[in-house]
Amino acid sequence: MSRSRIVIVGAGFAGYQAARTLSRRFRGAAEIVLVNPHDYFLYLPLLPEVAAGVLEPRRVSVSLAGTLPRVRLVLGEVSEVDLERRQLRYRDPEGRDGELRYDRLLLTVGSVNKLLPIPGVAEHAHGFRGMPEALYLRDHVTRQIAMAATTDDPAESAARCTFVVVGAGYTGTEVAAHGALFTDALAKQHSRPGGTLGDGAKDGGLRGDRRPKWMLLDIAPRVLPELDQRLSKTAHRVLARRGVDVRTETSVKEATADGVLLDDGEFVRTHSLIWCVGVRPDPLVEQMGLPTERGRLVVDEYLRVPGQPDVLACGDAAAVPDLTREGEFTPMTAQHAVRQGKVAAHNLAASYGYGAARPYKHHDLGFTVDLGGLQGAANPLHVPLSGPFANAVTRGYHLAAMPGNRVRVLADWMLDAVLPRQAVQLGLVRSWSVPLESSSPEVARLPEGA
Ligand SMILES: Cc1cc2nc3c(=O)[nH]c(=O)nc-3n(C[C@H](O)[C@H](O)[C@H](O)COP(=O)(O)OP(=O)(O)OC[C@H]3O[C@@H](n4cnc5c(N)ncnc54)[C@H](O)[C@@H]3O)c2cc1C
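In the annotation of an unreviewed UniProt entry, the entry for the protein chain reads FAD/NAD(P)-binding domain-containing protein, and the organism field reads Streptomyces albiaxialis.

A. Geometry of the overall build of the protein chain. In terms of regular secondary structure, the protein chain is built from 12 helices and 25 strands. A compact globule built from 450 residues should have a C-alpha radius of gyration of about 22 Å, and the protein chain, at 23 Å, falls within 12% of that. Reported as C-alpha extents along the three principal axes, the dimensions of the protein chain are approximately 80 × 55 × 45 Å. Across the 450 residues in the protein chain, those meeting the buried criterion constitute 46%.

B. Structural context of the sheet that holds strand β20 (residues 296-298). The 3 strands are arranged β19-β20-β22 in an open sheet whose pairing can be described as mixed. A strand with exactly one partner marks an edge of an open sheet, and here the two such strands are β19 (292-293) and β22 (318-319). Bridge count between β19 and β20: 2 bridges; the pairing is antiparallel. Among the inter-strand pairings, Glu293 is bridged to a residue of β20, identified as Arg296.

C. Region of the structure containing the packing of helix α1 (residues 13-26) against helix α10 (residues 334-350). Viewed as axis vectors pointing N to C, α1 and α10 meet at an angle of 35 degrees, and their least axial separation amounts to 7 Å. When the axes of α1 and α10 are compared, the crossing they make is right-handed. Residues Phe13, Ala14, Gly15, Tyr16, Gln17, Ala18, Thr21, Leu22, Arg25 and Phe26 of α1 touch α10, and the partners they reach there are Ala334, Ala337, Val338, Gln340, Gly341, Lys342, Ala344, Ala345, Leu348 and Ala349. The residue makeup of the contact of α1 with α10, split by class, is 13 nonpolar, 5 polar and 2 charged.

D. Structural context of the nonpolar core. Val165, Leu216 and Ala313 are the most contacted members of the largest nonpolar core, which has 122 residues in total. Here the element with the most residues in this core is helix α5 (residues 131-150); it accounts for 9 residues. The two domains that each donate at least three residues to this core are domain 1 (5-37 + 76-111 + 280-350) and domain 2 (121-277 + 367-433). For Leu216, the contacting residues outside a window of four places in its chain are Val165, Ala168, Gly172, Thr173, Ala176, Val223, Leu239, Val244 and Val246.

E. Inspection of the site of the ligand at higher detail. Neighbouring the ligand are 34 residues, the closest being Gly10, Gly12, Gly110, Gly315 and Ala337. Sorting the residues of the shell around the ligand by element identifies α1, β2 (31-36), α2 (47-51), β6 (77-82), α7 (170-190) and α10 as the ones contributing at least two each. Across the shell around the ligand, the residue classes tally to 19 nonpolar, 10 polar and 5 charged. Built from parts of two domains, the shell around the ligand gets at least three residues from each of domain 1 (5-37 + 76-111 + 280-350) and domain 2 (121-277 + 367-433).

F. The packing of α5 against α7, seen in detail. It is the contact of α5 with α7, at a shortest axis distance of 10 Å, that shows an interaxial angle of 35 degrees. α7 is crossed by α5, and the crossing has right-handed handedness. For the pair α5 and α7, contact is made by Val141, Thr142, Ile145, Ala146 and Ala149 and by Gly179, Phe182, Thr183, Leu186, Ala187 and His190, respectively. For the contact of α5 with α7, the residue count by class is 7 nonpolar, 4 polar and no charged.

G. Seen up close, the pairing of strand β7 (residues 87-91). Side chains Leu88 and Tyr90 of β7 all project onto a buried face; the interleaved residues Gln87, Arg89 and Arg91 project onto a face where none is buried. Two strands pair when backbone bridges link them, and β6 and β7 are joined in this way by 5 bridges, in the antiparallel orientation. Bridge pairing links Glu77 to Arg91 in β7. Connecting the antiparallel pair β6 and β7 is a turn made up of 4 residues, with Arg86 showing a positive phi of about 50 degrees. In this structure, β7 lies alongside strand β8 (residues 97-101), joined through 5 bridges in antiparallel fashion. Note on β8: the bridge partner recorded for Gln87 is Arg101. Counted between consecutive antiparallel strands, the loop separating β7 from β8 contains 5 residues, among which Gly95 sits at a positive phi close to 85 degrees.

H. Spotlight on the pairing of strand β9 (residues 104-107). Of the two faces of β9, both are covered, the one formed by Arg104 and Leu106 as well as the one formed by Leu105 and Leu107. Relative to β9, strand β1 (residues 5-9) runs parallel, the two being bridged by 4 bridges. Following the sheet pairing, Ile6 is matched in β9 by Arg104. The sheet contact formed by β9 and strand β21 (residues 311-313) spans 3 bridges and is parallel. Each bridged residue has a counterpart across the sheet, and for Leu106 the counterpart in β21 is Leu312.

I. Expanded view of the environment of Val338. Its location among the elements puts Val338 in helix α10. Distance from Val338 to Leu419, taken between C-alpha atoms, is 34 Å for residues 81 residues apart in sequence. Residue contacts for Val338: discarding those within four places in its chain leaves Phe13, Ala14 and Gln17.

J. Seen up close, the confidence of the model for the protein chain. Across the protein chain, pLDDT averages 93, with 96% of residues at or above 70. Here residues 196-202 scores under 50 on pLDDT; set against residues more than four positions off or in separate chains, the count is 14 contacts.

K. Representation of unusual backbone geometry within the structure. The phi dihedral of Leu303 falls on the positive side, at around 70 degrees, and the residue is not glycine. As for its placement among the helices and strands, Leu303 is situated in the loop between β20 and β21. Residue classification places Leu303 among the buried positions, given that 31 C-beta atoms sit within 10 Å. Although it is not a glycine, Leu381 sits at a positive phi angle of roughly 55 degrees. Along the polypeptide, Leu381 turns up in the loop between β24 (376-378) and β25 (385-386). Classification of Leu381 by C-beta neighbours within 10 Å gives exposed; the count is 8.

Conventions and cut-offs
- Residue positions within a chain follow its written sequence, with the count starting from 1.
- Only residues with pLDDT of at least 70 get local features here, since the model is predicted, and only at 80 or more are side-chain atom pairs given and counted; chain-wide, interface and lining totals rely on the full set of residues.
- Note on conventions: DSSP H or I runs of at least 4 residues are helices, E runs of at least 2 residues are strands, and numbering of each starts at the N terminus.
- Restricting the calculation to C-alpha atoms gives the radius of gyration, and the globule rule supplies 2.2 Å times the number of residues raised to the power 0.38.
- Note on burial: count the other C-beta atoms lying within 10 Å of the residue's C-beta; 20 or more is buried, 12 or fewer is exposed, in between is partly exposed, and C-beta positions come from the backbone.
- Here, any two strands with at least 2 DSSP bridges between them count as paired.
- Lines fitted to C-alpha atoms define the axes, with helix axes restricted to the stretch in contact, and inter-axis angles between N-to-C directions lie between 0 and 180 degrees.
- Working rule for handedness: look at the near helix, and if it is turned counterclockwise from the far one by less than a right angle, call the crossing left-handed; if clockwise, right-handed.
- With C-beta atoms placed from the backbone, a contact is any residue pair whose C-beta atoms sit within 7 Å.
- Note that Gly is not counted as nonpolar here; it falls among the polar residues with everything else outside the nonpolar set of Ala, Val, Leu, Ile, Met, Phe, Trp, Tyr, Cys and Pro and the charged set of Asp, Glu, Lys and Arg.
- The term nonpolar core refers to a group of buried residues, namely Ala, Val, Leu, Ile, Met, Phe, Trp, Tyr and Cys, whose C-beta atoms join them within 7 Å.
- Each domain's extent was defined by an automatic or database domain assignment.
- Nearness here has a simple definition: the residue's C-beta atom, placed using the backbone, must lie within 6 Å of the molecule or strand.
- The quantity called pLDDT is the predictor's confidence in a given residue, expressed from 0 to 100.

What follows is the structure, given as structure tokens:
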């Protein structure tokens, strides 16, 4: 008789944790299969540091095969779930279709970039939800500064030195905070004594008084609107000190190839529009035809999908009742996803008679925001911290939370503290391969017909 098979779709915070917990619990009693488009767990909170050239991309990519030895990895993206036949269809990275039977299913497919119906945004903005977008942004920013330093046209130089981030949640705030430090470092490397742009100076380079400019926009009245007000104040102060132009209660009316039109009528010339307005659940959820709540799959407090006794879901993709806040659902954060993954694993084990099922209940433990340099904003256990101490707590937290690669991350941080940033762009991820509107921001899009 074949072993029972538990299939986990998605190897992010929730799926990875569930696979790890189950593989320890069952020790071979059931087959644990993890389906994911790529062979690594992506530690998303450190992605802004990849885009800013602090960390190399593989540092935040933890090998699934290397850290989950008792789990079978299937590389692929699930396109269909047949709940009647208990079968999945998936497409592997080489475009071949496959099928996979399951006895129990855990869906942890996470989320994708959220779009707003604003003209030109889908064509001219890039999101920040996966590794390809981070690699694209690092190259793009590096290229803008290099090209600003070589053009003879001062207006073009100014546009290339302007970076607009929309959305001042933790992703947008970290991208702008790290980005400003990154472009200052790049500009320094491109500056030449007496070098001027647009006035025919022979030695070229970025003009000494042309500091790259970052703008951070949000319709909310403060940065980090979803977090404690004290964190907002700290982040705002650090951003302002770095010259980031924070515009609250401001949004984009239209995006064009030359820049963005703000809703107050100002037109900002730029080649860089970074879209961090939030996320929506992975489109696979919608395709399943099951009840959803704001796009997230409805589950009960045991993370079970009502009416589907063999299916559980958690993380960003699931609307998990928040037992600490009556009538609300848990927010889309790694903090919840990891803990839900663990509970889902326990409840799957319980469905085989190992222990008893338990409800998901977790009190918010606070948040950490890495602002780059020696700055941070954090409120562990709701104690507000700022400055270098917050930065140390934030980095310590990330190291502790990462399931692997800790020494490599630490080594990159130490190297960054003493060496200049590398001003090179490899150009391997092109603009067209990371469209804002994508059901799979975790993989770069291939050319048509490939
Ligand atoms: C830049 C950034 C910074 C963040 N910083 C923080 C932070 O500091 N603290 C915090 O608490 N939260 C943070 N978050 C939010 C946090 O990362 C998410 O809430 C968390 O990743 C959700 O975990 P998940 O397991 O639901 O999804 P994910 O971690 O996104 O994992 C989903 C997995 O499913 C895979 N997948 C998707 N579709 C399919 C499919 N059809 N078939 C197979 N596999 C599929 C994906 O490739 C991925 O591996 C950040 C998010 C971003 C983007």
